[in-house]
Amino acid sequence: KLLGQAIYEKNDQKYLLSVMPLFSKDNPIYCNSNEKIDFLIAVAHALEQLHKKNKIHSDLHFGNVCWNKAEGVAHLIDYGSIVDTENIAETISHFVPKLHLPPESLFGLGLLHVKASDIFSLGCMAENLFERTNNQRLNSLISGMKHKLFFKRPSLAEIIRELNVIKSFANDIVQKSI
């Protein structure tokens, strides 16, 4: 939820400032598996809302998500790299190679932006949360989210549906020992 936004220019650069309410932040890394799935579902719902506004986050990682575990709500923050798909010619994008960025962002030095790019980043977060799981269904979903071809990644609705199925069949997903 945005309280307000402003765009300003400085040294031929445009900046988008967003004023947001203060959110609590729970860390999903230290949660049980079902809570980790709840986190991923909450982030997927937040991405759905952003994508409905024709915006792509473009820098999704744990540091840019405020999650309130008790309320089951995730708030996306840091819109410094946001891409407006309605007016992409005027969108400012910064090319910074990071592990959570999808392969298509490397194409043309970060000029290819699609909503599925956020799904790749969500897949990286899921992989980090469940790096040693033996749940084949979850591993398959994560692999799909991180598919190198963006048009082969599942939609957010499919991800949410699959995560709910995985959660319903697994009381607590078993993690492999190190």
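Analysis parameters
- Residues numbered from 1 in each chain as written.
- Predicted model: local features only at pLDDT ≥ 70, side-chain atom pairs only at ≥ 80, totals over all residues.
- Heavy atoms only, no water.
- pLDDT = per-residue confidence, 0-100.
- Helix = DSSP H or I, 4+ residues; strand = E, 2+ residues; numbered from the N terminus.
- Contact = heavy atoms within 4.5 Å.
- Core = buried A, V, L, I, M, F, W, Y, C linked by side-chain atoms within 4.5 Å.
- Buried < 20%, exposed > 50% of the residue type's maximum accessible area, 1.4 Å probe, protein only.
- Axes fitted to C-alpha atoms, helices over the stretch in contact; angles between N-to-C directions.
- Parallel < 35°, antiparallel > 145°, perpendicular 65-115°, else oblique.
- Nonpolar A, V, L, I, M, F, W, Y, C, P; charged D, E, K, R; others polar.
- Expected span 1.5 Å × (residues − 1).
- Arc of directions from axis to C-beta.
- Phe/Tyr/Trp six-rings, centres within 6.5 Å; stacked < 30°, edge-to-face > 60°.
- Lys NZ or Arg CZ within 6 Å of the ring centre and 35° of its normal.

Section: the confidence of the model for the protein chain
A low pLDDT score tells you not to read the predicted coordinates there in detail. Here the protein chain averages 80 in pLDDT, while 74% of its residues score no lower than 70. Highest mean pLDDT in the protein chain belongs to helix α3 (residues 136-145) (96); lowest belongs to strand β2 (residues 13-19) (71). A low-confidence stretch, residues 89-97 stays under pLDDT 50, and its non-local contacts, those more than four residues away or across chains, total 16 contacts.

Re the nonpolar core
In terms of nonpolar packing, the biggest core is built from 33 residues, with V43, L76 and L122 touching the most fellow members. At the level of elements, α1 (33-52), β4 (65-68), β5 (73-76), α2 (115-129), α3 and α4 (156-169) are the ones that each hand at least two residues to this core. In terms of residues, this core owes the most to one element, α1, which gives 10 residues.

Focus on the packing of α1 against α2
Axis separation between α1 and α2 bottoms out at 11 Å; the angle between their running directions is 170°. With respect to α2, the element α1 is oriented roughly antiparallel. Of the residues in α2, those in contact with K36, F39, L40, V43, A44, L47 and H51 of α1 are K115, D118, L122, M125, A126 and L129. Residue classes in the contact of α1 with α2 are distributed as 9 nonpolar, 1 polar and 3 charged.

Thoughts on α4
With 14 residues, α4 extends 20 Å from end C-alpha to end C-alpha; this agrees with the ideal 20 Å at 1.5 Å per step. Within α4, the full set of buried residues consists of L156, I159, I160, L163 and I166. Down the axis of α4, the buried side of the element spans an arc of 125°, and every buried residue falls inside it. Turned more than 90 degrees from where α4 packs its buried face, R161, S168 and F169 sit exposed.

Some details on the packing of aromatic side chains
Scanning all chains against the criterion turns up 3 aromatic pairs. Summarising the aromatic geometry, the rings of F39 and F62 are spaced 5.9 Å apart at their centres and angled 20° between planes, so their arrangement reads as stacked. Of the two residues, F39 sits in helix α1 while F62 sits in the loop between β3 (55-56) and β4, which places them 23 residues apart along the sequence. With a relative accessible area of 1%, F39 lands in the buried category. When the ring of F39 is compared with that of W67, the centres are 5.3 Å apart and the planes differ by 75°; the resulting orientation is edge-to-face. Pair noted here: F39 is in helix α1 and W67 is in strand β4, with a separation of 28 residues, a long-range link. With relative accessibility at 0%, the residue W67 sits in the buried group. Site record: aromatic cluster; members linked through ring pairs are F39, F62 and W67. The ring of F130 carries the charged tip of K36 above its face, separated from the ring centre by 5.8 Å.

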